[in-house]
Number of protein chains: 2
Amino acid sequence: MAKADPGVDAILDQLDAFLHTKQLKLTSQRRQIVDKILAMPRHFTADDLVDSFVGERPRVSKATVYRALSLLAEGGILETHDFGEGHRLFELSIGRSHHDHLCCTKCGKIIEFFSEEMEVMQDRIAEKLGFHATSHSQKIYGMCRDCWRAAKR
Amino acid sequence: MAKADPGVDAILDQLDAFLHTKQLKLTSQRRQIVDKILAMPRHFTADDLVDSFVGERPRVSKATVYRALSLLAEGGILETHDFGEGHRLFELSIGRSHHDHLCCTKCGKIIEFFSEEMEVMQDRIAEKLGFHATSHSQKIYGMCRDCWRAAKR
DNA sequence: CTGAATGCAAAGTATTTGCAGGTCT
DNA sequence: AGACCTGCAAATACTTTGCATTCAG
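Residues numbered from 1 in each chain as written. Chains lettered and ligands numbered in written order. Predicted model: local features only at pLDDT ≥ 70, side-chain atom pairs only at ≥ 80, totals over all residues. Heavy atoms only, no water.

(A) Fine view of helix 1 (residues 8–21) of chain A. Residues and elements named next belong to chain A. Between the first and last C-alpha of helix 1 there are 20 Å, a value that for 14 residues agrees with the 20 Å anticipated at 1.5 Å per step. Listing the buried residues of helix 1 in full gives Val8, Ile11, Leu12, Leu15, Phe18 and Leu19. End-on view of helix 1: buried residues confined to an arc of 130°, all on one side of the axis. Facing away from the buried side of helix 1, by more than 90 degrees, are the exposed residues Asp9, Asp13, His20 and Thr21. Where helix 1 is buried, its residues meet helix 2 (28–38), helix 4 (62–74) and strand 2 (89–92). Just past helix 1, the residue glutamine 23 takes up positive phi, approximately 55°. (Helix = DSSP H or I, 4+ residues; strand = E, 2+ residues; numbered from the N terminus. Expected span 1.5 Å × (residues − 1). Buried < 20%, exposed > 50% of the residue type's maximum accessible area, 1.4 Å probe, protein only. Arc of directions from axis to C-beta. Contact = heavy atoms within 4.5 Å.)

Next up, the structure:
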């Protein structure tokens, strides 16, 4: 299953390349994990991924999932987010352009956005402060349209 | 001790006001916690605060510290940050204007910055997406001047 | 073949909670 | 008096680790 998933090859290629640089191996479990990630919603937790293996034939253990997620993040295949809910969220970064997030504190909905102007401004600020920036994370918290409407009445 | 700390009264006032709105009480432990917070570095963890009570005469328990920190955050006296190290950092927000952070991924140093332009832009983005924004958090990760210099050679 | 990876369960962290007794207002 | 608070220890939630066995290159 998940044999024609768009991007699976590109991801495995990048993973393999990364693993080679660290003399690590592309195991069947790591392949399975990549497959599963493609079937996950945009943002998922380590536990979501672990759960997706319950009752599977070649089961992958929790420890392996956690270890793989760290590697994937280190290799730039996944990005991690912390929306302050006590656990990390992962998001596939390959084939997706950089973006930031609006988080509804009421219903938990997450909306993505991107602003070139903002990116430029961030670089300028970092530079001015003698900082060599490599990434950034920006979150705007509040209420989405629906929750706001519901709260106002 | 900590009797002439600048701001302690302002903070206790705001805390007391907040507690009243929720019919809660300003206990001696909560006062002690506020005192200790004033003696903490800019960013501190719940555990730092718990530790600051070891061997004190009227000791304050871990549970109480955690409960108080939640209240203080809820009342807008503290702000919480998550720099992805597995624990929350707290920061006094009273008497301090809003700001964002540059985080050095090498040495852990945190530099604050503020940009009016950026604030305006964030509001504009939220509005355009039908979002009622209440706060935001922006972090730029990278290397500070010193670490960058050390890494280049 | 050999170093790396896996599964399992146990160990850690960080934080929360139940409860009996103590304390503000 | 009565609602709220506290300390304690036990419970949670998430993540990491030790170790014997299995596997990829």
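(B) Structural context of the nonpolar core. Within the largest apolar cluster, 27 residues are counted, with the highest numbers of intra-cluster contacts made by Ile33, Ile37 and Leu69 of chain B. Elements that contribute at least two residues to this core include exactly helix 1 (8–21), helix 2 (28–38), helix 3 (46–51), helix 4 (62–74) and strand 2 (89–92) of chain B. Ranked by residues supplied to this core, first place goes to helix 1 of chain B with six residues. The contact partners of leucine 69 of chain B, leaving out residues within four places of it in the chain, are Ile37, Phe44, Ala46, Leu49, Leu78 and Phe90 of chain B. In terms of nonpolar packing, the next biggest core, distinct from the first, is built from 26 residues, Leu49, Val50, Leu69 and Ile77 of chain A among them. (Core = buried A, V, L, I, M, F, W, Y, C linked by side-chain atoms within 4.5 Å.)

(C) Looking closely at the sheet that holds strand 4 (residues 110–113) of chain A. Reading across the sheet, the six strands line up as 4(A)-3(A)-5(A)-5(B)-3(B)-4(B) and stay open at both edges, with mixed pairing between neighbours. Two strands bound the open sheet, and with one partner strand each, they are strand 4 of chain A together with strand 4 (110–113) of chain B. Strand-to-strand twist across the sheet, computed as the mean angle between neighbouring axes with direction ignored, equals 20°. Pairing geometry for strand 3 (residues 100–104) of chain A and strand 5 (residues 132–143) of chain A, over four bridges, is parallel. Bridge pairing links leucine 102 of chain A to isoleucine 140 of chain A in strand 5 of chain A. Strands strand 3 and strand 5 of chain A together with strand 5 (132–143) of chain B of the sheet are contacted by helix 6 (residues 145–152) of chain A, whose axis makes an angle of about 35° with strand 5 of chain A. In the packing of helix 6 (residues 145–152) of chain B onto the sheet, contacts are made with strand 5 of chain A together with strand 3 (100–104) and strand 5 of chain B, and the angle to strand 5 of chain B comes to roughly 35°. (Pairing = 2+ DSSP bridges. Axes fitted to C-alpha atoms, helices over the stretch in contact; angles between N-to-C directions.)

(D) Examining the interface of chain A and chain B more closely. Every contact between the two is made by 33 residues of chain A and, on the other side, 33 residues of chain B. For the pair chain A and chain B, the summed buried area comes to about 2,900 Å², and 66% of that belongs to carbon and sulfur atoms. The tally of links between chain A and chain B comes to two salt bridges. The interface formed by chain A and chain B holds 10 residue pairs in polar contact (both at pLDDT 80 or more) in total. Elements with a contribution of two residues or more to the side of chain A that touches chain B: strand 3, strand 4, helix 5 (116–128), strand 5 and helix 6 of chain A. Here the side of chain A that touches chain B takes 12 residues from strand 5 of chain A, the largest share from any one element. (Buried area = accessible area lost by both parts, 1.4 Å probe. Salt bridge = Lys/Arg side-chain N within 4 Å of Asp/Glu carboxyl O. Polar contact = N/O pair within 3.5 Å; in protein donor to acceptor, adjacent residues only side chain to side chain.)

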